[in-house]
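Below are the chains, spelled out letter by letter.
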Amino acid sequence: MSAGHNVIYETLNSFETLHSNATHLASKFSNVLNVLKEAQEANNQYISCSNKSISTLTEHSTWNNYTEGDTLFITVKSPLNSDGTFWFRVWNKDFEFDDDQSIDKISEKLGWMEKECTAVATAPKPSSTPVFFFSNNKKCYYRAVITKVNNESSVNVRYLDLGKYEDVSTDVQFYLVPFSILKKFPIKCAQGSIFDNAGTLSYEVKWQFNDLTHNEVLLAKVEDCTNANNQPCYRVSLRSLAKGIDVTKEIRNKIAEIQVEAEEKQREKQNVVK
């Protein structure tokens, strides 16, 4: 091969290399554009969703739509709040939680959203809008709502699938949970109450409720569905399955007992004044 042919051959090889590199870069650039496009679509979806009412949001995010007269086997997953509400999970007929929609599967799906850059980041501020984040302690992605800002370095969250509250560092990156995820993986904990109107409950009542329900499988009969804290709230009557204790009756008796004691103390004060 002549020197001239060698030059032409080397030049062609250089052009092929440049073309290959350019094609590779174009492919990468195309992938980046696709990711940005998906992120923008997700963001637009959330802008649209943010205009919907909270009732629409919770309609798609509850574990099930229970109706009056339904009988459920439940486990209470949170302490009794001062307003008489609590969070519970429902067992299936085999006394198991639904493995097909386990928290691990939800975590895996949320993790892929972050890795593929399709998750929409959001600031840590109190809202009823579901968010998700990665817990370094538990090595799992969780869905939650941010209930309050404690300080510059900490916020309080309620885990939607666990029914418990916890303080989380603001160093954690929070993302919005898409409606598609809420539909495919409904929220596992539902809100319940055993009162029509509890008012503000005393710590004695809350302690007794926790003692009667802690680690117990309960038979819950749905009385009706109302709304509390911008979430559906099922008013139920509760009975311990193992011990046969009427939890609702015991709690109401405790409230009546405290009320009688308060009235007696009030009368004693009035007698002293006289």
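For every chain, the first residue of the written sequence is number 1, and numbering continues from 1 onward in sequence order. Local features in a predicted model are, by the rule used here, given only for residues with pLDDT of at least 70; side-chain atom pairs are given and counted only at 80 or more, and totals for whole chains, interfaces and linings are based on all residues. To get the side-chain values, take all heavy atoms of the structure and skip hydrogens and water.

A. Examining the packing of aromatic side chains more closely. Note on ring pairs: Phe, Tyr and Trp rings are taken, using the six-membered ring of Trp, and paired if centres are within 6.5 Å. Classes follow the plane angle, with under 30 degrees stacked, over 60 edge-to-face and the rest tilted. Throughout the structure, instances matching the rule amount to 10 aromatic pairs. The interplanar angle of 65 degrees and the centroid separation of 5.3 Å between the aromatic rings of Tyr66 and Tyr234 together place this pair among those described as edge-to-face. Here the residue Tyr66 occupies a position in the loop between α2 (54-61) and β1 (71-76), and Tyr234 occupies one in strand β11 (residues 231-240), the gap between them amounting to 168 residues. Tyr234 carries the same exposure label as Tyr66, and that label is buried. Pairwise contacts between aromatic rings join Phe132, Phe134, Tyr141 and Tyr175 into one cluster. The lysine or arginine in question, Lys115, covers the ring of Trp112, its NZ or CZ lying 5.4 Å from the ring centre. Each helix is a run of H or I in the DSSP string that is no shorter than four residues. Each strand is a run of E no shorter than two, and both are numbered from the N terminus. Buried, partly exposed and exposed residues are distinguished by accessible area as a fraction of the type maximum, computed with a 1.4 Å probe on protein chains only: under 20%, between the cut-offs, and over 50%, respectively. When the NZ atom of lysine or the CZ atom of arginine is within 6 Å of a ring's centre and also within 35 degrees of its normal, the charge is said to sit over that ring.

B. View of the pairing of β1. Here 4 bridges tie β1 to strand β10 (residues 218-228), and the two strands are oriented antiparallel to one another. Opposite Leu72, over in β10, you have Ala220 as the bridge partner. In this scheme, strands are said to pair when DSSP sees at least two bridges between them. Direction of pairing for β1 relative to strand β2 (residues 85-91): antiparallel, over a ladder of 4 bridges. The partner of Phe73 across the bridge, within β2, is Trp91.

C. Just the environment of Ala121, in detail. Here Ala121 lies in strand β3 (residues 121-122). A C-alpha to C-alpha distance of 5.8 Å links Ala121 and Phe174, two positions 53 residues apart in sequence. Ignoring anything within four residues of it in the chain, the contact list for Ala121 reads Gln173, Phe174 and Tyr175. Any two residues whose heavy atoms approach within 4.5 Å are treated as being in contact.

D. Just the sheet that holds strand β9 (residues 190-193), in detail. Taking strand neighbours around the barrel as the criterion, the 5 strands line up as β1-β2-β9-β11-β10 in a closed arrangement whose pairing is mixed. Across the sheet, the mean angle separating the axes of adjacent strands is 60 degrees when strand polarity is ignored. Between N-to-C directions, angles span 0 to 180 degrees; the directions come from axes that are lines fitted to C-alpha atoms, helices contributing only their stretch in contact.

E. Spotlight on the confidence of the model for the protein. Values of pLDDT, the confidence the predictor places in each residue, fall between 0 and 100. When pLDDT is averaged along the protein, the result is 78; 71% of the residues meet or exceed 70. Predicted confidence for residues 45-63 stays below pLDDT 50, and this span has 31 contacts to residues more than four positions away or in other chains.

F. Main features of the pairing of strand β5 (residues 140-151). Relative to β5, strand β4 (residues 131-135) runs antiparallel, the two being bridged by 5 bridges. Looking at β5, one finds that Phe134 is bridged to Tyr141. Hairpin connection from β4 to β5: 4 residues lie between these consecutive antiparallel strands, with Lys139 at a positive phi of about 55 degrees. As judged from the 6 bridges shared by β5 and strand β6 (residues 154-159), these two strands associate in the antiparallel manner. Bridged to Lys148 within β6 is Asn156. Between β5 and β6, which pair antiparallel in sequence order, lie 2 residues.

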